[in-house]
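Summary of structural features
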Amino acid sequence: MPDLPAATQRSRVRVPLRFHDGYAVDAELVTFHGLADGQEHVAIVLGDPAPGTTPLVRLHSECLTGDVLGSARCDCGPQLREAVERIADRGGVLLYLRQEGRGIGLYNKLDAYALQDQGLDTYEANAALGLPEDARDYTAAAQMLRALGVTALDLLSNNPDKADQLRALGTDVRDRVPTGVFTTPHNVRYLRAKVLQTQHTLPLADLTELTELPTG
């Protein structure tokens, strides 16, 4: 197992979560000392796994436009909403990671959006800006899980890189559970690029049949 620097729990606080569609659940939010990247990541502990079961975990990268503003250009907001309920039902943790724009930051993400409006896909736009296609590193996520005592988990994700990185960091990812598919007329091209460029587990045939609307 890799010798990760140990992170420790800094605080735990109960927070009632309320979503726009009426779904409500109580959660514990956990903050940490000693995370490798120095960012203020938060663990959202939901439900209580039954004895002998593996907790369900999602690594959710912060998305201001999708999570907060309801942008239809990505599927982040619906994935967050779905993940909270699924994890609460089974018991587990959602790690809310401060990795806006796959790690390139909010301003760069919006610059990439402008290039996408000119015809580039989400990965080509990053490259045109001289930025990585995906700059995310999940070392801090592995530290958070260890600090919470989670050594084995099922990962709620369509992204194989998340599972691969966690396993390389010594976390026992027993299964990767796909999320729902949340298409809009504005995010079809974005979702297709995820399948073709980074092998996300999404139904490419279904996505190919859909046509993206202009965003302007």
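Look up: the structure comes first, before these words.
Residues numbered from 1 in each chain as written. Predicted model: local features only at pLDDT ≥ 70, side-chain atom pairs only at ≥ 80, totals over all residues. Heavy atoms only, no water.

1. A few points about the overall build of the chain
In terms of regular secondary structure, the chain is built from 8 helices and 7 strands. Within the span of the chain, comprising 216 residues, buried residues form 48% of the whole. (Helix = DSSP H or I, 4+ residues; strand = E, 2+ residues; numbered from the N terminus. Buried < 20%, exposed > 50% of the residue type's maximum accessible area, 1.4 Å probe, protein only.)

2. As for helix H5 (residues 139-147)
Of all 9 residues in H5, 8 are buried; the element is thus mostly enclosed. If you check which residues of H5 are buried, you get Thr139, Ala140, Ala141, Ala142, Gln143, Met144, Leu145 and Ala147. Looking at the residues trailing H5, positive phi occurs at Gly149, about 80°.

3. What about helix H3 (residues 106-116)?
Within the sequence span of H3, burial applies to Lys109, Ala112, Tyr113, Leu115 and Gln116. Around the axis of H3, the buried residues are gathered within 160° of arc, so they sit on the same side. (Arc of directions from axis to C-beta.)

4. Section: the packing of aromatic side chains
Tallied over the entire structure, the rule returns 1 aromatic pair. Taking 6.1 Å as the distance between ring centres and 40° as the angle between the ring planes, the aromatic pair formed by Phe19 and Tyr23 counts as tilted. Its end group placed over the ring of Tyr113, Arg73 keeps NZ or CZ at 4.2 Å from the ring centre. (Phe/Tyr/Trp six-rings, centres within 6.5 Å; stacked < 30°, edge-to-face > 60°. Lys NZ or Arg CZ within 6 Å of the ring centre and 35° of its normal.)

5. A closer look at the sheet that holds strand E5 (residues 92-97)
Two modes of strand pairing occur in sheets, parallel and antiparallel, and in both the strands are linked by backbone hydrogen bonds. Taken in spatial order, the 7 strands of this open sheet run E1-E2-E3-E5-E4-E6-E7, and their pairing is mixed. This sheet does not close on itself; its edge strands, each paired only once, are strand E1 (8-18) and strand E7 (172-177). On average, each strand axis in the sheet is tilted by 30° relative to the strand beside it, whichever way the strands run. Of the pairings in the sheet, the one linking strand E6 (residues 152-156) to E7 comprises 5 bridges and is parallel in character. (Pairing = 2+ DSSP bridges. Axes fitted to C-alpha atoms, helices over the stretch in contact; angles between N-to-C directions.)

6. Some details on the pattern of salt bridges
Taken as a whole and judged by the stated rule, the model has 11 salt bridges. In this structure, the salt-bridge partner of Asp21 is Arg81, at a minimum N-O distance of 2.9 Å. Within this pair, whereas Asp21 is found in the loop between E1 and strand E2 (24-33), its partner Arg81 is found in helix H2 (residues 76-90), the two being separated by 60 residues in sequence. Of the residues examined, Asp21 reaches a relative accessible area of 44% and is grouped as partly exposed. With a closest N to O distance of 2.8 Å, Arg81 and Glu85 form a salt bridge. A residue pair is termed a helical-turn pair when its members lie 3 or 4 positions apart in one helix, as Arg81 and Glu85 do in helix H2 at 4 residues. A residue is classified by how much of its surface remains accessible, and Arg81, at 16% relative accessible area, is buried. Among the ionic contacts, a cluster of salt bridges with common partners joins Asp21, Arg81 and Glu85. (Salt bridge = Lys/Arg side-chain N within 4 Å of Asp/Glu carboxyl O.)

7. Describing a nonpolar patch on the surface
A contiguous nonpolar surface patch, about 290 Å² in accessible area, is contributed by Leu64, Val68 and Leu69. Along the polypeptide, Leu64 turns up in helix H1 (residues 64-68). (Patch = residues over 30% accessible without salt bridge, like charges linked within 9 Å, V, L, I, M, F, W, Y side chains within 5 Å. Areas by Shrake-Rupley, 256 points an atom, 1.4 Å probe, with all protein chains shown as cover.)

8. Overview of the nonpolar core
By size, the foremost hydrophobic cluster in this structure holds 27 residues, and its most contacted members are Phe32, Ala43, Val57, Leu59, Leu95, Leu155 and Leu166. Secondary-structure elements contributing two or more residues to this core are E2, strand E3 (42-46), strand E4 (56-61), E5, H5, E6 and helix H6 (160-168). The contact partners of Leu155, leaving out residues within four places of it in the chain, are Val57, Leu59, Lys162, Ala163, Leu166, Val173, Asp175, Arg176 and Val177. (Core = buried A, V, L, I, M, F, W, Y, C linked by side-chain atoms within 4.5 Å. Contact = heavy atoms within 4.5 Å.)

9. Some remarks on the environment of Leu80
By the element assignment, Leu80 lies in helix H2. Here the alpha-carbon distance between Leu80 and His60, two residues 20 residues apart in the chain, equals 7.2 Å. Ignoring any residue separated from it by four or fewer positions in sequence, one finds Leu80 in contact with His60, Asp67, Leu94 and Tyr96.

10. Considerations on the side chain of Thr179
Considering the arrangement of structural elements, one finds Thr179 in the loop between E7 and helix H7 (188-198). A polar contact is formed between the side chain of Thr179 and the side chain of Gln79, at a distance of 3.1 Å. For Thr179, the side chain forms a polar contact with the side chain of Asn158, separated by 2.7 Å. Not counting the four nearest positions on each side in its chain, Thr179 is found in contact with Arg58, Gln79, Glu82, Arg86, Leu156, Ser157 and Asn158. (Polar contact = N/O pair within 3.5 Å; in protein donor to acceptor, adjacent residues only side chain to side chain.)

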